[in-house]
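Close look at the chain arrangement
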Amino acid sequence: MTTRCLCRETTFSHQIPLFSIQCRSIISHRFRNFLLILVRSLPPTMATPVENNKIEPENSDSDTDFLSDVEEVDHMKILSSSGADQLQFVDTYFQREATSLLADTTDYYNSTCDDSSLNTSLLPWERLADWIHCFCVVTFDLEIGQMIEEIYPSHVTLSEQDKTNICYLAFPDSNSGCMGDTQFHFRIRQNPVNGDISTRSSQVDLSSTNTIPKSHSRYNQLCPPAFRTDSSYWWGFAYFRQVKDKNLRRGYFQKSLVIVTRLPFVELFQELMAVIAPEFFDKGSICLEISAKEIDQWPRPVPGIVLNLPLLGTLFQVRIPSFSAAASPSFATSLTGSPTKTSTNSLLRRRCLIATDVDLYSALAPLLPHLQMLWELLLCGEPLVVMATSPSICSHVVQALVNLIHPLQYCLDYRPFFTIHDSEFKEYTGRTSDPPPPVLLGVTNPFFAKALQHWPHIIRIGGEIPSSSAGLKIRPTKSNLPGSSKLSECKPGVYTSYKSHLTRDKALLKLIAKGTQTRRPNQVQSALMRRHFLELTQSFIIPLERYFARLMPLQKSISPYKAVPGLSPFKAEEFLASVEHCGPQLTTGVKGDWAGLYRRFLRTPNFESWSQQRHQEANKKLRALQMEALSQSDMTSWLQGKREVEVVDMVLRLREKLNVALAEETLPVSPQTRLHLQGQLDTVLQSLPEDLRSVLKAS
């Protein structure tokens, strides 16, 4: 499916002239940059920032060039006045952006939906809500402890339990060594706000208990399942600062800025926080207001295209994965193919990235010899905990592990950073006699060494992530031995008794080792690792896809006048019998007990989710094929000899199918088929008596 970029002003272009859109865009950006100049001239209002923490212009040579002309970003010029640098935007960039994107996004909305709510003017912060829910400022009070100091925008609501969870997760769980700045992220279960009723029902998807913006519903239809938003969870991206301050009673300044969102854009939001947070700690809350206003001018998140997202002097050129791109192994390296053009006259820094990316090499290099085993554990939904000394390390490793099985969706709960104060702490730790829940946790508090000692798979990482040459060793668990305890197992390593079904593939080890010797960039190393596991996962999925295709009914069995035929049931033993001759060994060099791995996989939520998605896609295809058959049928011959009640029933069926074809954007029904269905409906209506025809047309 081809998608086009969404522009913030184009969904109601028939109401606002293009000239006024351009003028309003130019004025808003001029006002925003006047505020930015004002902020930079203000004295710091917060604690003294960490030394050498200035935001330096990044070397864009390492980024990927998405623009055909460097002048598209050369719209900022520096002017010196009284020794102070001031920013001035050239209007042509925003004029050209509004003009070029206006037609594209209008076509997109007209082709994908018929939503009257999009034709109304945007409410304040409506476009901001497409990207983030709010900013939270969390501080430490000597009497209360961690508390939320500010939420911006102020009208945003969070449940009390969510606020409590954010407070504790915004600070390192054991922060004795976290001096300076620390970036990490977390994921929490959303708790509904009591009595929270939306006043803008046209912009909210009311089909779920926890409402989400309607734009997220459209986003979910276009992106791979692994990157969809989940109305049951919040993502938090934290930037924590701890510095010595003799003026404070505690002797330390401790504060954290958190972005709360539903979008799993790890790379994007970490980059945004690296820009926003230092400015916030230096200038205060006015930075949040300016940032929110800039984000409120962004286009909506649309998978498959490159979005230009300006923020505080940095242009983020972001691509969100789509179905077609994510299915290709070349997608992992498609953003690193060409160097970035630079201009000596441009002050605007450029960052080119994939929104959902994770630096696999930096996170998983010490685990490289065991990644294939960990890949199996993730496929099978085994309980797994990552113990590290800082939240930045554990959250990075957990997120990288989840990405190993892409394009399959990891459907079990996972928490990149988990603390003893989390509302699910008792649920996930439980008693040592109880079997551990199938979740993936990242923890830092030493208390978990005792609380989770009965877990079957534990990854321990030391103070810093070691290099691949000093990889972590497999250390068999000793919890089953009398008097043994993992409290004594403090050495870094992978603690597990799991026996891999597959033999280790040494090709990736040699490839990464060669890159380490030749000082290959981490970005390239990560791309090679991502490609390797993407191809391995696809080889694992292909036999399932092949068997699932056999469950589809024959096209000749689809009748335009009967119910849509269903799929045959999935028989596990029948599929496992086919693996010996048509298994992954045909598409990958990895050998081993593939049937045993499939047997474990078929009992997991990962398989259930995959099967459910395939059934949904197959049913949509079957419905579309029946609509096509009905549109091409000889309706005149069918009408002969039919009773009036049967004809009326056909009218209702045709109307229902037309409504479904218009309402469901992802249903593969062509405009020509819809046109023919309308013709068939007219033919059937003409065969009825005039009085009945009038009643049906009026109803």
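Residues numbered from 1 in each chain as written. Predicted model: local features only at pLDDT ≥ 70, side-chain atom pairs only at ≥ 80, totals over all residues. Heavy atoms only, no water.

By the naming in an unreviewed UniProt entry, the protein goes by UDENN domain-containing protein and is assigned to Daphnia galeata. The annotation that UniProt attaches to the protein under Sequence similarities (unreviewed entry) is "Belongs to the DENND6 family." (UniProt positions renumbered as here; feature names shortened; annotations may be inferred.)

1. Regarding the overall build of the protein
In terms of helices and strands, the protein carries 22 helices and 18 strands. Summed over all atoms, the accessible surface of the protein reaches about 32100 Å², with 51% contributed by carbon and sulfur. (Helix = DSSP H or I, 4+ residues; strand = E, 2+ residues; numbered from the N terminus. Areas by Shrake-Rupley, 256 points an atom, 1.4 Å probe, with all protein chains shown as cover.)

2. Quick word on the nonpolar core
Ranked by internal contacts, the top residues of the largest apolar core, which has 133 residues, are Trp131, Phe135, Leu364, Trp375, Leu401, Phe540 and Trp594. Of the residues forming this core, the biggest block, 10 residues, is contributed by helix α6 (residues 266–283). Dropping the residues within four chain positions of it, phenylalanine 135 is found in contact with Glu150, Ile151, Tyr152, Leu257, Val258, Ile259, Ile276, Leu288, Ser291, Ala292 and Ile295. Core analysis: the second largest hydrophobic core is formed by 21 residues, Ala624, Leu639, Leu658 and Val669 among them. (Core = buried A, V, L, I, M, F, W, Y, C linked by side-chain atoms within 4.5 Å. Buried < 20%, exposed > 50% of the residue type's maximum accessible area, 1.4 Å probe, protein only. Contact = heavy atoms within 4.5 Å.)

3. As for helix α17 (residues 594–601)
Residues separated by three or four positions in an α-helix point in the same direction, a consequence of the helix having 3.6 residues per turn. For α17, every residue scored as buried is listed here: Trp594, Gly596, Leu597, Tyr598 and Phe601. Residues of α17 that are buried in the fold lie against α10 (371–379), α15 (522–550), α16 (572–582) and α18 (605–631).

4. A word on the sheet that holds strand β5 (residues 180–189)
With respect to topology, 5 strands assemble into an open sheet ordered β4-β3-β9-β8-β5, the strand pairing being antiparallel. With one partner strand each, in any of the chains shown, β4 (145–152) and β5 form the two edges of the open sheet. When strand polarity is set aside, the average angle formed by the axes of neighbouring strands in this sheet is 25 degrees. Here strand β3 (residues 134–141) runs beside strand β9 (residues 252–261); their pairing, made up of 6 bridges, is antiparallel. Bridge assignment links valine 138 to a residue of β9, and that residue is serine 256. α6 contacts β3, β5, β8 (233–244) and β9 of the sheet and is inclined by roughly 40 degrees relative to β8. Of the strands in this sheet, β3, β4 and β9 are in contact with helix α7 (residues 286–295), which crosses β3 at around 160 degrees. (Pairing = 2+ DSSP bridges. Axes fitted to C-alpha atoms, helices over the stretch in contact; angles between N-to-C directions.)

5. Quick word on the packing of α15 against α16
Here α15 crosses α16 at 125 degrees, and the two axes come no closer than 10 Å. If you check the angle between α15 and α16, you find them oblique. Both α15 and α16 take part in a crossing whose hand is right-handed. Across the interface between the two elements, Pro543, Leu544, Arg546, Tyr547 and Arg550 from α15 touch Glu574, Phe575 and Cys582 from α16. Partitioned by chemical class, the residues of the contact of α15 with α16 number 5 nonpolar, no polar and 3 charged. (Parallel < 35°, antiparallel > 145°, perpendicular 65-115°, else oblique. Left-handed = near helix turned anticlockwise from the far one by under 90°. Nonpolar A, V, L, I, M, F, W, Y, C, P; charged D, E, K, R; others polar.)

6. Concerning the pattern of salt bridges
One pass over the structure, following the stated rule, counts 22 salt bridges. The residue lysine 255 makes a salt bridge to glutamate 149 at a minimum N-O spacing of 3.0 Å. In this pair, lysine 255 is assigned in strand β9 and glutamate 149 in strand β4, connecting sequence segments 106 residues apart. Accessibility expressed as a relative area gives 44% for glutamate 149, which makes it partly exposed. For aspartate 413, the salt bridge is made with arginine 187, and the minimal N-O distance between the two is 3.1 Å. Of this pair, aspartate 413 sits in the loop between α11 (391–403) and β14 (414–415) while arginine 187 sits in strand β5, and the two are 226 residues apart along the sequence. We note that aspartate 413, like arginine 187, is buried. One network of salt bridges, with partners in common, ties together Arg187, Arg189, Asp413, Arg415, Asp422, Glu424 and Glu427. (Salt bridge = Lys/Arg side-chain N within 4 Å of Asp/Glu carboxyl O.)

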